[in-house]
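Spelled out from the first residue to the last, the chains are:
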Amino acid sequence: MIFEPQMYGRKFWALSLAIGIVATTACSGDSSSSSFSGTEPNSRQFTVNESLGSVSFSKNGVAGQSLDLNLAIGSGAFRPLTASNNVFYTITDRGPTIDCADSDAVLGIADFCDGNSGSIFALKDYSPKIIKWQLSGIGTELALAKSEEITLTGSGGSAINGLPNNFSSAVVEKAYDNEGVELTPSANGIDPEALVLLNNGNFWVAEENGPSLLLVSSTGEILERQVPAGMIGDLVNDPSGAASYSVSDDIIPAIFGKRKVDRGIEALALSPDNLSLYLFMQGPLDNPQSGVADSRIVRVLKVALNEDGTADAVVGEYLYRLDPPANFAIKATGAGDLDGGDFVAQSEVTINEAIALAEDYVVVVEQANTVSKFYRLNLANATNILDTAWDSSTTSPSLEEQNLVADTKFITKQLGFDSLTMPLPDGIDALAENIEGFALLDSNFGVVLNDNHYGIGGVSNVVKVLPVGAFVVTSSAPLEAGLDYANSASFSVAGAGYDVGAATAVAGDSTYSRLFVVNAETDSVDIVDVSEPLTPVIATPASVDLVAAATDAGITIGSPKWVTTAGLYLAVALDNVDPQENGIVAVYLLSDLSLVRTFEVGPSPKMAIFDLLGIKIAVANEGQPSDDYNVDPEGSVSIIDLSNGIDVADVVEIGFTEFNIGASRAADLPAGVRVFGPGASVAQDLEPEHIAVSLDNTKLFVTLQENNAVVVIDLDDETIDRIVALGSKDFGLVGNEVDVTADSTADIRSWPGVYGLYQPDGISAYRFGGKNYFITANEGSARNYSGFSEQRTVAELDGVSGPAIDADNQNFPNPAPELEGLIVSSEAGDTDDDGDIDEITAFGARSFSIWNEEGELQFDSGNDLAKITEAALGANFNDADTASPANGAAPKGITLVSSSSRIYAFVSLERAGGIAIYDVTSPLGVQFVQYVNNRDFGAGTGDEGANGISLFVVGSQAYLAVANAKSGNVRILEIDTDTSTSTTE
C-alpha cells in the first residue's frame, strides 16, 4: 500500500497566551516519534494573532477602510536538524502591503496608485523580524510560545525597512503609503522570505528585492548583503542614501537580477554540516522580460560556506522544473486549485520553502493556491549549468523559454506529501494558501506555517504540527530509474524485413531467461535466449509450435497477436485465418514449450494477460469488422479460469449485448461512448483491445480504442462494472498545444476549436493511497476501411467530402493553412446533433493519462511528450514531423516498473521512437524522468516503431524489452535502478 498515512483521533482544547495563541490538537495518544530531543511532537495546530494596531487609508481627502493588522510570522521557518527539536525560528517579510490592483476591493478606494501597478505599504517604516518559538510539553500537552523577537537592523542598529530598492538593471516596484503618496525606493529596503541558523548563532536570510542574501548576526544586525553581480552600485551609490551595511556582489550570478517582482529568492536550505547553502528562486526569472509567463524552469544555487559560515563561492547552479497547474487540481471532481473550472495560471505555481536533510538532499514545498506539495530532491545527479551560456542575458532563446534542455538533467524530485489527496489528521484544518514556512522537528513531525499577509483579508497565522516528516524523510536522496543505449542490445531474426511487423509484441520469461516475440512478418512467435541479456541469441527451439495449436483447436489459424507469461505457462493469442471468426488462446508449458491446451475465444483476439495470481487469463477479443464492413462480429472479453486445473478450465465470454438498444443495461452506456459503425449494434461496435489487471487483482481495465472508452470488469464476478467514456482533450488550452503540420519544423501551439479523442492503446494499472488507478497511452486510431471510413482532413470538412464546420467554431469558415492537413473524424465533434462539426476532433490525445477506477481523469501529460521529443530531436520530432498531422509522437505501449517504493511508467512512442520514463507514483506528483531515442534520422538507422514493451529479470538485474515494429528488432535495455524491480503489465 503506497503512502497510506496513519489516522488520528480528535481532541480539542485552548491555551491562552499573551499574544493570543489558540491550540487545537489531534492525536493518537502516542507519538509516532521513536526518539526525540527536547519535546515529543504530536499533531496539533496553533492560531497566532499578535496585533500591530489599526491603519487608516485615504486618498485626496477620500477616506477608505481602516485595516486591523496582525503580525505575519510565516514567511519562512527553520530548525537546525542537529539541535533540540523544541525550538524553531520564523521570519516576517517586508510588512503589510496591498496590491494596487486590489485597492478598491480592500480599501474601498479605486485607482489608489494613480493607475500604476505596485504595492501600498500600510506601515512604510516596518522593520522585518526573526522570531524564536518554544515548544513545551509532550504528546497531548504540546504548547507553543514566542520566546524572542529579533528586529533586523543595519550597521550599528540603524533602521531598515521593507521598501523596494532602486535597481537600474531590474524591474523596480512602485510603492505608495497609506495616503497614496509614492514612496522613494530605499537602499535599506529588504523583503525577507527565508532564513537558516548557523551553528555560530548567525543567520543567512534570503530576500526578494534583489534578490539577495543577508548575513545577519544573532542580534539582528545585517553584516553583509550579497546582490547579483553588477548591482552593488545601486545600493552603495543610491542618491537618496546608501545602504547602512556592507554590500557585495561576488556570489549571485548577474542573471538572477532578472527576477520578476515578488519572485526573488524564496527558500533557503542549509546542509547539516553548515558547509552548503541552497538558494531557490520562487519562480522562473523574467528572462526575457514579460516573455515567459508559462515557464516552468526555476534556478537553484549552491553556495559553499566557510567554517565561520560566511560565503566562500557559488559552486553550483541547477534547474528545477515546476509542476504544471494541472497537477494541483482534479477537474472531474472540482477538487484543488481551479479558477472558474479551469486550471490556474502557470505563474501561480511557486517554490515556497526548503530544508536540506544532507548535502544535495533537499525537501521543498511547492504550491499553487491552496494545494501544497512536499517534494524530496536530489541535486547530486543534476547538471551544473553555472558559468554556461544560460547565465548570459544575451542567450536567445533564453533558458526560461525552454521546456526541457537537451543534455541537461534537471533536479530529481519525488513527491512525499500532497495536501489534496492525502488526508491530514482529524481535527487539523486543511492547509491554507501561502504555505511558506516548514521546519522539521524530527523524522516524523514538522511545523507548517502560512503567511497570513498581516491579517489583511481576515486571515490568521496558523502553526500546524503535522506528521509530514514521515512522508518526506527517507534515509537517502531520491534516485530514479533510467535507461542507456550503452547498456543495451538489439535482436532481430535473420532476414527480418523493414516495416513489416517483424517485432510487434514481446513477453519476458524471467524463469528461463527468454523473450517471446510476436513476428507478424512470418506469423510466428520467435524465441530469444537472454541468459546473457546484452548478448541475445536465437533460442532452441527458435519459435513456438503454433501448428500444434491449430491442430489441437481444429482450425486454420491466422496471425499471432500477443504473448504473455506467468507461473508455469506461456499463452499465445491467435487469430482465426478468417479474423471475423473465433480465435484461440494456446497455452504452453514454459519448462519445455509443449502445448498443454487451446481455448476458443472471440473473434480477433488482440491481447491476453494473466491475472496477478496466474490463475486466470483475460483475453480482449476485438471483433474487428471485415474490410468491406459486411461482417462485423461482436467484441468481447474472454476469461479462462485455471484455478481448478488447466484440464478442466472453462471459458467465460463477457459480451456487450446487454448494452444494446432496448436491452437491460442500455441506460448504463454513457452517451460519450462512440458507437458509429454502419448498421452495428453496441455489442458489434465495441472493440476491446488491451487489458490491465488492478494491483489488488479485483478489476480488469479494458481499452475500447475506436470507441474512446474503457470497460471496467469485476474479475471475481466476471461481470462488467461499468463502461467509461473518456471524452476529448481541448488542444486550445494552455498546456495542450500540438503541432498539426508536416512542414519539417516543430511548431507546437494552441489550436482553439480543435480537440483530440483520448483513444488509448496500451494500458496498465497500479494503486496509490489504497485506490486503484489505470494509466493509458493515448495513441488514437481511426476506423478506416474500404467499406467505411471516418478519416478526413480538416480541409475535407467542407460539407461535401465531409460534414461542414459549424459557424461558431473558431476555425470557420477558412481554417488556417497549417490546420488543413490535420487528420480528423467525420463522426465526432457534432455536439448538438445538427449534422455539422462543432468541435474539430482528431485521433489521440498525444499523451498518457491517469484515471481512477471510476474513470475520472486524474492526470494528463498535456503537451509534455511533444515538448520532450522536440527538445531531444528538434525538427525530427513526430517522426521527422511527418506524424504531426496524425497523432504526433504516438504513445503506444506502457508498462509500470516498481523500484524503491516508486512507480515508473515506461511509455513507447511509436512514431517518434524511443521510450519516455515518468515517475507516476502519485497521480498529482507525476514527474518526467528521461527520454531515450537512438534514431539517426539522417542515416535512417536506429529503432523505429516502438510498440509492445515488457520487463524481465536476470539475476537481480531488470531489463526492458521493446518490440520495434518498423525496424523489426527487439531492443533490450538494462534498467538502472538502486533496488529490486517488479512490474505489472
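Residues numbered from 1 in each chain as written. Predicted model: local features only at pLDDT ≥ 70, side-chain atom pairs only at ≥ 80, totals over all residues. Heavy atoms only, no water.

Named according to an unreviewed UniProt entry, the protein is Phytase-like domain-containing protein originating from Zhongshania borealis.

To continue, consider the side chain of Asn403. One can find Asn403 in the loop between strand S29 (372-378) and strand S30 (412-418). Within the structure, Asn403 has its side chain in polar contact with the side chain of Arg321 (distance 3.2 Å). Ignoring any residue separated from it by four or fewer positions in sequence, one finds Asn403 in contact with Arg296, Ile297, Arg321, Phe410, Asp864, Lys867 and Ile868. (Helix = DSSP H or I, 4+ residues; strand = E, 2+ residues; numbered from the N terminus. Polar contact = N/O pair within 3.5 Å; in protein donor to acceptor, adjacent residues only side chain to side chain. Contact = heavy atoms within 4.5 Å.)

Turning to the state of the cysteines, a few remarks are in order. Throughout the structure, instances matching the rule amount to one disulfide. One disulfide in the model links Cys100 with Cys113; its S-S distance is 2.0 Å. Judged by the sign of its S-S torsion, about -80 degrees, the cystine formed by Cys100 and Cys113 is left-handed. In this pair, Cys100 is assigned in the loop between strand S8 (97-99) and helix H1 (103-107) and Cys113 in the loop between H1 and strand S9 (119-121), connecting sequence segments 13 residues apart. With respect to class, Cys100 is no different from Cys113; both count as buried. (Disulfide = S-S within 2.5 Å. Buried < 20%, exposed > 50% of the residue type's maximum accessible area, 1.4 Å probe, protein only.)

Taken together, four strands build an open sheet; the order of strands is S8-S9-S12-S13 and the sheet is mixed. Among the strands making up the open sheet, the edge pair consists of S8 and strand S13 (182-183). Two elements, strand S12 (residues 175-176) and S13, share two bridges in a ladder whose sense is antiparallel. Looking across to S13, one finds that Tyr176 is bridged to Glu182. (Pairing = 2+ DSSP bridges.)

Position of Gln580 among the secondary structure elements: in the loop between strand S40 (569-576) and strand S41 (582-589). In this structure the C-alpha to C-alpha distance between Gln580 and Ser781, which are 201 residues apart in sequence, comes to 20 Å. Sequence-distant contacts of Gln580, defined by excluding residues within four places in its chain, comprise Pro603, Gln624, Pro625, Ser626, Val631 and Pro633. Here Gln624 takes part through its backbone oxygen, which lies 2.9 Å from a polar atom of the side chain of Gln580. Separated by 3.3 Å, the side chain of Gln580 and the backbone oxygen of Pro625 make a polar contact.

Across the sheet, four strands lie side by side as S34-S66-S65-S64; this open sheet has antiparallel pairing. At either end of the open sheet lies a strand with only one pairing partner, and these are strand S34 (488-491) and strand S64 (946-954). The mean angle between the axes of side-by-side strands here comes to 20 degrees, regardless of whether they run parallel or antiparallel. Of the pairings in the sheet, the one linking strand S65 (residues 957-964) to strand S66 (residues 969-974) comprises six bridges and is antiparallel in character. Following the sheet pairing, Leu960 is matched in S66 by Leu973. (Axes fitted to C-alpha atoms, helices over the stretch in contact; angles between N-to-C directions.)

Okay, the side chain of Asn811 next. Position of Asn811 among the secondary structure elements: in the loop between strand S55 (791-793) and strand S56 (823-825). We classify Asn811 as buried; its relative accessible area is 9%. Sequence-distant contacts of Asn811, defined by excluding residues within four places in its chain, comprise Pro752, Gly753, Val754, Leu819 and Ile840.

What follows concerns the environment of Lys174. Along the chain, Lys174 falls in the loop between strand S11 (143-151) and S12. A residue is classified by how much of its surface remains accessible, and Lys174, at 34% relative accessible area, is partly exposed. When the C-alpha atoms of Lys174 and Pro185 are compared, they prove to be 8.1 Å apart, with eleven residues separating the residues in sequence. Residues in contact with Lys174, not counting those within four places in the same chain, are Asn116, Ser117, Gly118, Ser119 and Glu182.

Attention now moves to the UniProt feature "domain: Choice-of-anchor I" (unreviewed entry) in the protein. Mapped onto the present numbering, the UniProt feature "domain: Choice-of-anchor I" (unreviewed entry) falls at residues 500-951. For residues 500-951, the helix share is 6%, the strand share is 40%, and the end-to-end C-alpha distance is 24 Å. (UniProt positions renumbered as here; feature names shortened; annotations may be inferred.)

With that out of the way, let us pick up the pattern of salt bridges. Evaluation of the coordinates by the stated rule reveals 42 salt bridges. For Lys373, the salt bridge identified is with Asp323, shortest N-O distance 2.8 Å. Remark: Asp323 occurs in the loop between strand S22 (311-321) and strand S23 (329-330) and Lys373 occurs in strand S29; sequence separation between them is 50 residues. One exposure class covers both Lys373 and Asp323, and it is buried. For Arg935, the salt bridge identified is with Asp879, shortest N-O distance 2.9 Å. Of this pair, Arg935 sits in the loop between strand S63 (927-932) and S64 while Asp879 sits in helix H7 (residues 877-880), placing them 56 residues apart in sequence. Residue class for Arg935 comes out buried when judged on its relative accessible area of 14%. What emerges from the salt-bridge pattern is a single network uniting Arg94, Glu173, Asp191 and Asp262. (Salt bridge = Lys/Arg side-chain N within 4 Å of Asp/Glu carboxyl O.)

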